[in-house]
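Now for the letters of each chain:
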Amino acid sequence: MIIDTREIQDINSFPRLESLKEVYGIIWMLIPILTLVLGITIGVLVIVWLEREISAGIQQRIGPEYASPLGILQALADGTKLLFKENLLPSRGNTPLFSIGPSIAVISILLSYSVIPFSYRLVLADLNIGIFLWIAISSIAPIGLLMSGYGSNNKYSFLGGLRAAAQSISYEIPLTLCVLSISLLSNSSSTVDIVGAQSKYGFWGWNLWRQPIGFIVFLISSLAECERLPFDLPEAEEELVAGYQTEYSGIKFGLFYVASYLNLLVSSLFATVLYLGGWNLSIPYLFFPELFEINKADGIFGTTIGIFITLAKTYLFLFIPITTRWTLPRLRMDQLLNLGWKFLLPISLGNLLLTTSSQLLSL
């Protein structure tokens, strides 16, 4: 019996082909994730530079100017400095909680970007519960802050962690009710469907005009969720040194710094998606119907236009939290909780009831 060696080699090559297919599948799965992470990193660097430039203009200062032209690489220089600084651990603290806390805060916020549509059909995961997945994941971040405060074995850090948890609970409920109102208006909880529901009449089709009260409540609640002034009680330097960040140094402190700007960017992106029409052109369809078709264009050109429009709206919206930081004084803790529970919660509930009633009457 004669055995053809070529047939044996072909048979032996099948497992290799299968393993190569698995490797290629993993690579193609990681490429969009890594691309999104790279884009988010660049977006955060731009936000840090914008905030420094805008705050310098408000306070009549020069701002960053030495690290590259116009100080564009100043944030990168700060991150590099933190990367090489010594990482200190509290001697009597809970080391596992102290080390895990910053990672939980960053990872929970990064996962929220997976449901944001940056352009037509350009979204990492188009889920039917996209906006509520964001609410659920973002509620994990305060747990990381609480773990950091408790693990530091420092009364100021622990108080900062407790404030972060209390503030998150107080303002997450009005935020969720506003998001639920948008979901009822759009008859969907998918972020892609919500943008599509606003695309019919251009600028006048935005949910901003149909939900003005919800937009104001969403803006205030998102500022509180991001711990921006006037709601930065968890890190109030006059009272708590630096809050839950007091004992941190080096890259772990840098993770908290990055997490705050990641949260600010994701809140602005969701404000764009929910209220400002997402990637759609802000031009009424009745006047320029040919430009309206750009919103649904496939290929590189349509995707690029959609990304540009989304980011333009997002960074214009970012001017509100940046200028608010240098305009309003910090609230007291009792004022912050009263605003959340006694004002925003009833207003958001009333807005939800009005939205539900109008949707029922329109059936």
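Parameters at a glance
Residues numbered from 1 in each chain as written. Predicted model: local features only at pLDDT ≥ 70, side-chain atom pairs only at ≥ 80, totals over all residues. Heavy atoms only, no water. Core = buried A, V, L, I, M, F, W, Y, C linked by side-chain atoms within 4.5 Å. Buried < 20%, exposed > 50% of the residue type's maximum accessible area, 1.4 Å probe, protein only. Helix = DSSP H or I, 4+ residues; strand = E, 2+ residues; numbered from the N terminus. Contact = heavy atoms within 4.5 Å. Phe/Tyr/Trp six-rings, centres within 6.5 Å; stacked < 30°, edge-to-face > 60°. Salt bridge = Lys/Arg side-chain N within 4 Å of Asp/Glu carboxyl O. Axes fitted to C-alpha atoms, helices over the stretch in contact; angles between N-to-C directions. Parallel < 35°, antiparallel > 145°, perpendicular 65-115°, else oblique. Nonpolar A, V, L, I, M, F, W, Y, C, P; charged D, E, K, R; others polar.

A. Inspection of the nonpolar core at higher detail. Membership of the largest hydrophobic core comes to 64 residues, with the highest contact counts inside it found for Tyr-113, Ile-116, Trp-134, Phe-218, Phe-270, Leu-274 and Tyr-275. Top contributing element to this core by residue count: helix α11 (residues 250-275), with 13 residues. Apart from the residues lying within four places of it in its own chain, the contact partners of Phe-218 are Trp-134, Leu-175, Cys-178, Val-179, Ser-267, Phe-270, Ala-271, Leu-274 and Tyr-275.

B. The packing of aromatic side chains, seen in detail. Enumeration according to the criterion identifies 16 aromatic pairs in this entry. One aromatic cluster in this structure is built from Trp-134, Phe-215, Phe-218, Phe-270, Tyr-275 and Phe-317.

C. A look at the pattern of salt bridges. In this structure the tally under the stated criterion is five salt bridges. Note that Arg-228 and Glu-51 form a salt bridge whose closest N and O atoms lie 2.5 Å from each other. A residue pair is termed long-range when its members are at least 10 positions apart, and Arg-228 in the loop between α9 (212-225) and α10 (237-240) and Glu-51 in helix α1 (residues 5-58) qualify at 177 residues. Of the two residues, Arg-228 and Glu-51, both sit in the buried class. In the salt-bridge network here, residues are joined through shared partners; they are Glu-51, Arg-228 and Arg-325.

D. Inspection of unusual backbone geometry at higher detail. Positioned with a positive phi, Asn-153 is a non-glycine residue whose angle comes to about 55°. The backbone of Asn-187 shows a phi angle near 60°, a positive value even though the residue is not glycine. Here Asn-187 is to be found in the loop between α6 (155-186) and α7 (191-197). Judged by relative accessible area, which is 66%, Asn-187 ranks as exposed.

E. Inspection of the side chain of Gln-211 at higher detail. Structurally, Gln-211 can be placed in the loop between α8 (207-210) and α9. Relative accessible area serves as the criterion here: at 4%, Gln-211 is assigned to the buried category. Apart from residues lying up to four places away in sequence, Gln-211 is in contact with Ser-181, Ile-182, Leu-185, Tyr-275, Asn-351 and Thr-355.

F. Fine view of the packing of helix α4 (residues 130-138) against α6. Remark: α4 packs on α6, axes separated minimally by 10 Å, with the N-to-C direction vectors making an angle of 170°. Judged by the inter-axis angle, α4 sits roughly antiparallel to α6. Together, Ile-131, Phe-132, Trp-134, Ile-135 and Ser-138 of α4 and Glu-172, Leu-175, Thr-176, Val-179, Leu-180 and Ser-183 of α6 make up the contact between the two elements. By residue class, the composition of the contact of α4 with α6 is seven nonpolar, three polar and one charged.

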